[in-house]
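# Examination of the molecular architecture
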Amino acid sequence: MESRSAKNSLICRFYLSDKMKISIDPKAGFCTGVTRVIRLAEEALANTGHLYCLGQVVHNEQEENRLKNLGLEIIDLNGFCELQNVTVLIRAHGEPPETYETAAKNNIRLIDGTCPIVVKLQKKIRKSFSESEKNGGQIVIFGKKNHPEVLGLSGQTGNRAIIIEDENDLAKIDFSKPVSLFAQTTRSKAVFKVFFEKIGQNFQQQATSSTLPFEATDSTCRQVTGRDEHLRKFAAENDIIIFVAGKESSNGRYLFEIVKTENGNAFYVDDPKNIEESWFKGAQKIGITGATSTPVWLLEEVASQIEKMLLKS
Ligand code: SF4
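Residues numbered from 1 in each chain as written. Predicted model: local features only at pLDDT ≥ 70, side-chain atom pairs only at ≥ 80, totals over all residues. Heavy atoms only, no water.

### Considerations on the overall build of the protein
Put simply, the test is: Secondary structure follows DSSP: runs of H or I at least 4 residues long count as helices, runs of E at least 2 residues long count as strands, and numbering of each begins at the N terminus. This radius of gyration counts C-alpha atoms alone. The globule rule is 2.2 Å times how many residues there are, raised to the power 0.38. Relative accessibility under 20% of the residue-type maximum defines a buried residue, over 50% an exposed one, and the middle range a partly exposed one, all with a 1.4 Å probe and only protein chains included. Throughout, a contact is declared for two residues whenever any of their heavy atoms are within 4.5 Å. Note that accessible areas follow from Shrake-Rupley with a 1.4 Å probe, and for residues the cover is restricted to the protein chains shown. Charge counting follows a simple rule: Lys and Arg are positive, Asp and Glu are negative, and His as well as the terminal groups are ignored. Positions of charges follow a simple convention, taking NZ of Lys, CZ of Arg, CG of Asp or CD of Glu.
Along its length, the protein carries 11 helices and 13 strands. The C-alpha atoms of the protein give a radius of gyration of 22 Å, which matches the 20 Å a tight globule of 313 residues would have. Structurally, the protein occupies a C-alpha span of about 70 × 55 × 25 Å along its principal axes. The burial tally for the protein puts 54% of its 313 residues in the buried class. Summarising the internal contacts of the protein: among those between residues at least 6 apart in sequence, 70% fall at separations of at least 24. Carbon and sulfur atoms form 49% of the exposed surface of the protein, whose accessible area is close to 14,900 Å². Charge centroids of the protein, computed over 40 positive and 40 negative side chains, lie 3 Å from each other.

Next comes the structure, spelled out in structure tokens:
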């Protein structure tokens with residue numbers, strides 16, 4: 001068993017018995033953005049024993065509890081605004097500019113764990129927004145309303161971006177004006193494409209606006225969407241899939257949908273205590289995987305737990 005740390009080696013371990021084989025998805029584990037922010041937290045905690053973090057550091061309760069035990073204290077925005085002369089960690093999702101302004105005003109030192117991919121996207125949106133102010137254009141973000149990353153992205157436009165979550169939201173776009181479309185990094189690439197096409201069709205249907213600029217940036221993260229093909233294969237070659245991810249994990253929901261299309265016998269587990277023995281009836285090949293916010297140590301614990309449960313029965 002690996003020690004519980006940010007270590008995120010891509011391992012595939014098999015637990016064998018005469019009845020079954022349990023495999024951990026070798027491509028499961030943290031993405032680089034989450035690995036980085038957890039490393040930053042661990043380094044700071046090793047020095048000081050205490051660190052504030054603005055919002056949930058990772059959408060995984062077990063990993064968050066591990067960091068809390070090392071001294072991490074999660075605070076919300078109200079709590080952040082009341083602090084002065086302390087150090088605060090910014091999580092991988094990033095923050096809107098106001099957070100940096102508050103930090104400067106209150107002498108808060110920030111350890112900026114914003115994922116470099118998100119930083120790049122924020123910059124792109126900021127640039128597009130400043131151009132759109134000249135031509136009356138609109139910034140449209142395909143993402144989950146109120147998701148922290150989306151709040152950080154929309155913040156680059158003074159919260160004037162149009163957030164589209166479903167088809168009804170398309171009505172918020174004025175098709176007589178230019179559009180620059182972006183995506184929350186953990187959204188589905190395929191659904192982004194659908195929205196891209198729908199917006200394009202709307203422009204075409206309006207003859208007066210058919211020559212207006214419509215730019216789209218597929219900013220979905222390859223570390224999520226790039227797992228699709230492998231995940232399909234992993235799901236198909238096992239009799240049952242245990243998908244471990246936090247309730248709030250956006251990429252967890254997205255990746256689980258992919259697993260479900262290949263293997264109807266797949267279970268989304270946010271707390272390993274909820275795993276039921278009856279799920280494994282008749283299964284010989286058990287696959288364990290998770291979101292980009294699920295630590296490898298947790299997948300290993302789940303594998304051991306299932307092994308013990310089934311060997312006892
Ligand atoms: S999913 Fe991609 S963009 Fe989001 S934190 Fe991970 S690496 Fe960064």
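From this point on, the discussion continues.
### Things to note about the pattern of salt bridges
Pairing between side chains of opposite charge can happen when the charged atoms of each approach one another. To keep it simple, the criterion reads: Any Lys or Arg side-chain nitrogen found within 4 Å of a carboxyl oxygen on Asp or Glu counts as a salt bridge.
One pass over the full model with this rule turns up 17 salt bridges. The salt bridge partner of glutamate 167 is lysine 198, with a shortest N-O separation of 3.5 Å. Within this pair, whereas glutamate 167 is found in the loop between strand S8 (162-164) and strand S9 (179-183), its partner lysine 198 is found in helix H7 (residues 189-205), the two being separated by 31 residues in sequence. Classification of glutamate 167 by relative accessible area gives partly exposed; the value is 47%. When its relative accessible area of 24% is taken as the criterion, lysine 198 is described as partly exposed. Between lysine 172 and aspartate 169 there is a salt bridge whose closest N-O contact spans 3.2 Å. Its relative accessible area of 6% is what places aspartate 169 among the buried residues.

### Remarks on the sheet that holds strand S7 (residues 138-142)
Pairing between sheet strands relies on hydrogen bonds along the backbone, with the strands arranged either parallel or antiparallel. What counts is decided by this rule: DSSP-based pairing: two strands are paired if at least 2 bridges between them are found. Lines fitted to C-alpha atoms define the axes, with helix axes restricted to the stretch in contact, and inter-axis angles between N-to-C directions lie between 0 and 180 degrees.
Read from one edge of the open sheet, 4 strands run S8-S7-S9-S10, paired in parallel fashion. The outermost strands of the open sheet, each flanked by one partner alone, are S8 and strand S10 (214-216). With direction set aside, neighbouring strand axes in the sheet form an average angle of 20 degrees. Inspection of the sheet shows S9 paired to S10 by 3 bridges, in the parallel sense. Among the inter-strand pairings, leucine 181 is bridged to a residue of S10, identified as alanine 216.

### Comments concerning helix H5 (residues 116-135)
Put simply, the rule reads: Multiply 1.5 Å by the residue count of a helix minus one, and that product is the helix's expected span.
Across its 20 residues, H5 extends 29 Å between first and last C-alpha, which sits within 8% of the 28 Å expected from 1.5 Å per residue. Residues of H5 that are buried make contact with S7, helix H6 (148-154) and S9. One or two positions beyond H5, positive phi appears at glycine 136, with a value near 70 degrees.

### Observations regarding the pairing of strand S6 (residues 109-112)
Note the cut-off: With its strands directed away from the observer, a crossover is right-handed exactly when the path from the first strand over the helix to the second travels clockwise.
In this sheet, S6 lies alongside strand S5 (residues 87-90) in parallel orientation, the contact comprising 4 bridges. In the sheet register, threonine 87 faces S6, and the bridge partner there is arginine 109. As for the winding sense of the linkage, the β-α-β connection from S5 through helix H4 (residues 97-105) to S6 is right-handed.

### Focus: the packing of aromatic side chains
Rule in force here: Each Phe, Tyr or Trp ring, with Trp reduced to its six-membered ring, pairs with another whose centre is within 6.5 Å; inter-plane angles below 30 degrees give stacked pairs, above 60 give edge-to-face pairs, and intermediate values give tilted ones. Geometrically, a charge over a ring is one whose NZ (Lys) or CZ (Arg) sits within 6 Å of the ring centre while staying within 35 degrees of the ring normal.
Scanning the model with the defined rule gives 9 aromatic pairs in all. Ring plane angle 35 degrees and centroid distance 6.3 Å describe the contact between phenylalanine 142 and phenylalanine 192, whose orientation is recorded as tilted. With a gap of 50 residues between them, phenylalanine 142 in strand S7 and phenylalanine 192 in helix H7 connect regions that are remote in the sequence. Ring pairing ties together the aromatic residues Phe175, Phe196, Phe203 and Phe214, which thus form one cluster. Above the plane of the ring of tyrosine 268 lies arginine 253, whose end atom (NZ or CZ) is 3.9 Å from the centre.

### Side note on the domain arrangement of the protein
Stated formally: What counts as a domain boundary in this text is fixed by an automatic or database domain assignment. A simple way to read buried area is as the amount of 1.4 Å-probe accessible surface that goes missing from two parts once joined, with both sides added. For this classification, Asp, Glu, Lys and Arg are treated as charged, while Ala, Val, Leu, Ile, Met, Phe, Trp, Tyr, Cys and Pro are nonpolar and the rest, including Gly, are polar.
Split by domain assignment, the protein resolves into domain 1 (14-31 + 224-312), domain 2 (32-114) and domain 3 (117-220). The C-alpha centroid of domain 3 is placed 34 Å from the C-alpha centroid of domain 1. Carbon and sulfur atoms make up 55% of the area that domain 1 and domain 3 hide from each other, which totals about 510 Å². The three residues of domain 1 that bury the most area against domain 3 are Thr225, Ser250 and Tyr254, which together make up 75% of that side's buried surface. Where domain 1 touches domain 3, the interface holds 0 salt bridges. Taken together, the elements giving at least two residues each to the side of domain 1 that touches domain 3 come down to helix H8 (222-225) and helix H10 (250-262). The biggest single contributor to the side of domain 1 that touches domain 3 is H10, with 3 residues. In terms of residue class, the side of domain 1 that touches domain 3 is made up of 2 nonpolar, 3 polar and no charged.

### Some remarks on the site of the ligand
Stated precisely, the cut-off is as follows: Consider each residue's heavy atoms; a residue with any of them within 4 Å of a molecule or strand counts as near.
The environment of the ligand is formed by Cys31, Thr32, Gly33, Cys115, Ile117, Val118, Thr185, Cys221, Gln223 and Val224. Of all the secondary structure elements, the ones that give two or more residues to the shell around the ligand are helix H1 (32-48), H5 and H8. Here the residues of the shell around the ligand sort into 6 nonpolar, 4 polar and no charged.

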